[in-house]
Amino acid sequence: KFEFNPKDGIDNPALSLAEDMDGEGMGEPRFYLLSKGSAETFGFCLHEELGCQGHVIRQVELGGLAQRRGLQDGDRLLQVNGHFVDHMDHCRVVQKIKASGNQVLLAVLDGDSYEAAKALGRDLSQMLPADVRPRLCHIMRDKSGFGFNVSGPEGVKGTFQLSVRQDGPAERAGVPPGSWLLELNGDSVRSYSHAQLTRKVRAPGTGGWGIGAGNVTEHPAFPTQLKQSGSKVTLLVASSAVEEFYRLRGLRVTAALADTSWLPFKVRELHMLKGPAGYGFLLKEDDCSSGARGQFLWDVDAGLPAEQAGMKEGDRLLAVNGESIEGLDHQQTVLRIRAHDDQVTLLVIDPAGDEFYQSVGFGDPAWSTP
C-alpha cells in the first residue's frame, strides 16, 4: 500500500511501499530525496554499531530535513544516489553522502525488515530497482542531424518521447530508445505543449536539430538554446522505468540526479604524496561560471607532485579526501587539504567540463563518481 505524507508536498513525499513477503510482513525499501541549503545539514547521522548489521540511521534531528521527509531512527541505508552501499566500507559510504553536496537520494529499509532479510539470507540489492537515475547525454551533430526524433500526444504538456536512429549521434551519446525528454540544454520542457515543441526541421546544415528529414522536432520557443546548440545539444532523459519510478513516488527528476557516465566531461581524482618542496600548486578562490565562489588550482609547478598527478592550470576543486568542499570557504578548504601532513586526494574538473555542468544545472558533479 502507499502511505503519503501531504506535509512534504509532491516533490519529496515520505513514501513507503509495504507488502507481505512469504508471510513475514517484511517492508519494502523507501526512497527519500533530501535537498538542503549550503548552511544546513541533512539532519541525521550514519553509524556503524557493534552487534548491529548495516549502516544505521541515527540521531534524526527533531524537525530537521531527514525527519520531515520520513527517515526514522534505526533505518538501514541501502543505496546512495542509485549506488548499492550495504556491502561497502562504512567510511566510504559516509564519504559518498558528503560528496553529494546539497542533494542526495537515499534508499533505506526499516531495521526490523533489514534484520529479517539478513536472517533469511536475502540479497538486499534485489529489493531495489536496477537503475533509478535519469541520464545526461551530450550529442554532437553529424551531417544528417542529431539522430533523434520527438513525439508526444497533442494537447498534453511536457510529454515527449524520443525515437533514436540506430548508430546515430544520439544513440552513440547514450540516449536510450523510447526514453522521455525532461530537459533541453538545462531547461525543463515540462511546461511546453507538443504544438510548441514541434515543427518541420529545415534541411541539414541550415540550423535544424533532428534527424534532418521528415517530421522531427524543433522548439521555436527555445531560440537562444537552439543558437547555442549549433553542432551540439544536451538532453536530460529517463527510460520508461526510471520515469515511472519517480512519478509513482512523487519525486521531481533533475539533472543533479543524473547518470553522467556517457558525458565527454569527466572529473579527475588526483592522489599526491607531498615532496620536499610541497605539492607544487596554489589554491585560489574565484567566481565560478554560475556566479558562486569556487576554489581553483593555479601555478602548477613542473615536475612536482601536483603536475605528476595530472593537475592542470585552472582546474576547479570539488572534493578533498572524498568529501565535497561545497559550502566551505577558502581557509576551511586549505585546512582540509592540510589535514593529512604527507598526502592528499583531490577531485577536480577542468574549465570546459565545469562550465558544461553549470550550464545544464548539474552543479557539483563530485557525487556522480562511483
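A quick note: this is a predicted structure, and the numbers were derived from the prediction, not measured.

1. Description of the overall build of the protein
Thinking step 1. In terms of regular secondary structure, the protein is built from 10 helices and 20 strands.
Thinking step 2. Across the 370 residues of the protein, 48% fall into the buried class.
Thinking step 3. In the protein, of all internal contacts separated by at least 6 residues, the share reaching a separation of at least 24 is 65%.

2. Some details on the pairing of strand β6 (residues 76–80)
Thinking step 1. Counted residue by residue, β6 has five buried out of five residues, so it is predominantly covered.
Thinking step 2. Sheet analysis places strand β5 (residues 52–58) next to β6, joined by two bridges and oriented antiparallel. Across the sheet, residue V56 finds its bridge partner in β6, namely R76.
Thinking step 3. With four bridges connecting them, β6 and strand β8 (residues 103–109) associate as antiparallel partners. In the sheet register, L77 faces β8, and the bridge partner there is V108.

3. Here's the deal with the packing of aromatic side chains
Thinking step 1. Counted by the stated rule, this structure contains six aromatic pairs.
Thinking step 2. Each ring, one from F31 and one from F245, has its centre 4.8 Å from the other, and the planes form 90°; the classification is edge-to-face. Placement of F31 in strand β3 (residues 30–35) and of F245 in helix α7 (residues 240–249) is noted, with a sequence separation of 214 residues between them. By the burial criterion, F31 is buried, and F245 matches it.
Thinking step 3. Each member of the aromatic cluster is reached from another via a ring pair, and the members are F31, F245 and Y246.
Thinking step 4. The ring centre of F42 lies 5.3 Å from the NZ or CZ of K36, which sits over that ring.

4. A look at the pattern of salt bridges
Where side chains of opposite charge bring their charged atoms close, a pairing between them can arise.
Thinking step 1. In this structure the tally under the stated criterion is 16 salt bridges.
Thinking step 2. With a closest N to O distance of 3.8 Å, R165 and D142 form a salt bridge. Of the two residues, R165 sits in the loop between β11 (161–164) and α4 (169–172) while D142 sits in the loop between β9 (135–140) and β10 (148–151), which places them 23 residues apart along the sequence.
Thinking step 3. Since its relative accessible area comes to 27%, R165 is described here as partly exposed.
Thinking step 4. Among the ionic contacts, a cluster of salt bridges with common partners joins E49, R58 and D73.

5. Considering the environment of K36
Thinking step 1. With respect to the helices and strands, the residue K36 is situated in the loop between β3 and β4 (45–49).
Thinking step 2. Looking at K36, the relative accessible area reads 17%, which means it is buried.
Thinking step 3. In this structure, K36 is in contact with T41, F42, L65, G101 and N102, ignoring residues within four places of it in sequence.
Thinking step 4. A polar contact of 3.2 Å, which involves the side chain of K36, links it to the backbone oxygen of E40.

6. Let's talk about the pairing of strand β18 (residues 316–320)
As a general feature of sheets, a regular strand has side chains that alternate between the two faces.
Thinking step 1. Of all five residues that make up β18, five are buried, and the element is covered over most of its length.
Thinking step 2. Relative to strand β20 (residues 343–349), β18 runs antiparallel, the two sharing four bridges. Its bridge partner being in β20, A319 is matched across the sheet by L347.

7. Some points on unusual backbone geometry
Thinking step 1. With a phi close to 50°, Q59 is a non-glycine residue in the positive phi region.
Thinking step 2. Take Q59: it is sitting in the loop between β5 and α1 (65–69).
Thinking step 3. The phi dihedral of D299 is positive, around 50°, even though this residue is not glycine.
Thinking step 4. Examined against the element boundaries, D299 turns out to sit in the loop between β17 (293–298) and α8 (305–309).

8. Here's the deal with helix α2 (residues 90–98)
Thinking step 1. Looking only at α2, the buried set comprises H90, V93, K96 and I97. Along the axis of α2, the buried positions cluster into a sector of 120°, meaning they face one direction only.
Thinking step 2. Where the residues of α2 are buried, they touch β4, β5, β6 and β7 (83–84).
Thinking step 3. A distance of 3.1 Å separates the backbone nitrogen of C91 from a side-chain oxygen at the start of α2, and that oxygen is part of D89.

9. Looking at helix α10 (residues 351–359)
In an α-helix, one full turn covers 3.6 residues, which means residues spaced three or four apart are oriented alike.
Thinking step 1. Of all the positions in α10, only G353, D354, F356, Y357 and Q358 are classed as buried.
Thinking step 2. Those residues of α10 that are buried lie in contact with β9, β14 (232–238), β17, β18 and β20.
Thinking step 3. At the N-terminal boundary of α10, the capping side chain belongs to D350, with an oxygen 3.2 Å from the backbone nitrogen of A352.

10. Examining the nonpolar core
Thinking step 1. L78, L105, L109, L124, L136, L236 and Y246 are the most contacted members of the largest nonpolar core, which totals 33 residues.
Thinking step 2. Those elements that provide at least two residues to this core are β3, β8, α3 (111–119), β14, α7, β18, β20 and α10.
Thinking step 3. Setting aside chain neighbours within four positions, we find L236 in contact with P134, R135, L136, W180, L181, L182, E183, T254, A255 and A258.

11. Looking at the confidence of the model for the protein
Thinking step 1. Of the residues in the protein, 80% reach a pLDDT of 70 or more, and the chain-wide mean stands at 81.
Thinking step 2. Segment residues 1–21: pLDDT under 50, and 55 contacts once partners within four positions in sequence are set aside and those in other chains are kept.
Thinking step 3. Low pLDDT, under 50, characterises residues 199–228; the stretch is placed with 71 contacts to residues that sit more than four places away or in other chains.

Parameters at a glance
- Residues numbered from 1 in each chain as written.
- Predicted model: local features only at pLDDT ≥ 70, side-chain atom pairs only at ≥ 80, totals over all residues.
- Heavy atoms only, no water.
- Helix = DSSP H or I, 4+ residues; strand = E, 2+ residues; numbered from the N terminus.
- Buried < 20%, exposed > 50% of the residue type's maximum accessible area, 1.4 Å probe, protein only.
- Contact = heavy atoms within 4.5 Å.
- Pairing = 2+ DSSP bridges.
- Phe/Tyr/Trp six-rings, centres within 6.5 Å; stacked < 30°, edge-to-face > 60°.
- Lys NZ or Arg CZ within 6 Å of the ring centre and 35° of its normal.
- Salt bridge = Lys/Arg side-chain N within 4 Å of Asp/Glu carboxyl O.
- Polar contact = N/O pair within 3.5 Å; in protein donor to acceptor, adjacent residues only side chain to side chain.
- Arc of directions from axis to C-beta.
- Core = buried A, V, L, I, M, F, W, Y, C linked by side-chain atoms within 4.5 Å.
- pLDDT = per-residue confidence, 0-100.

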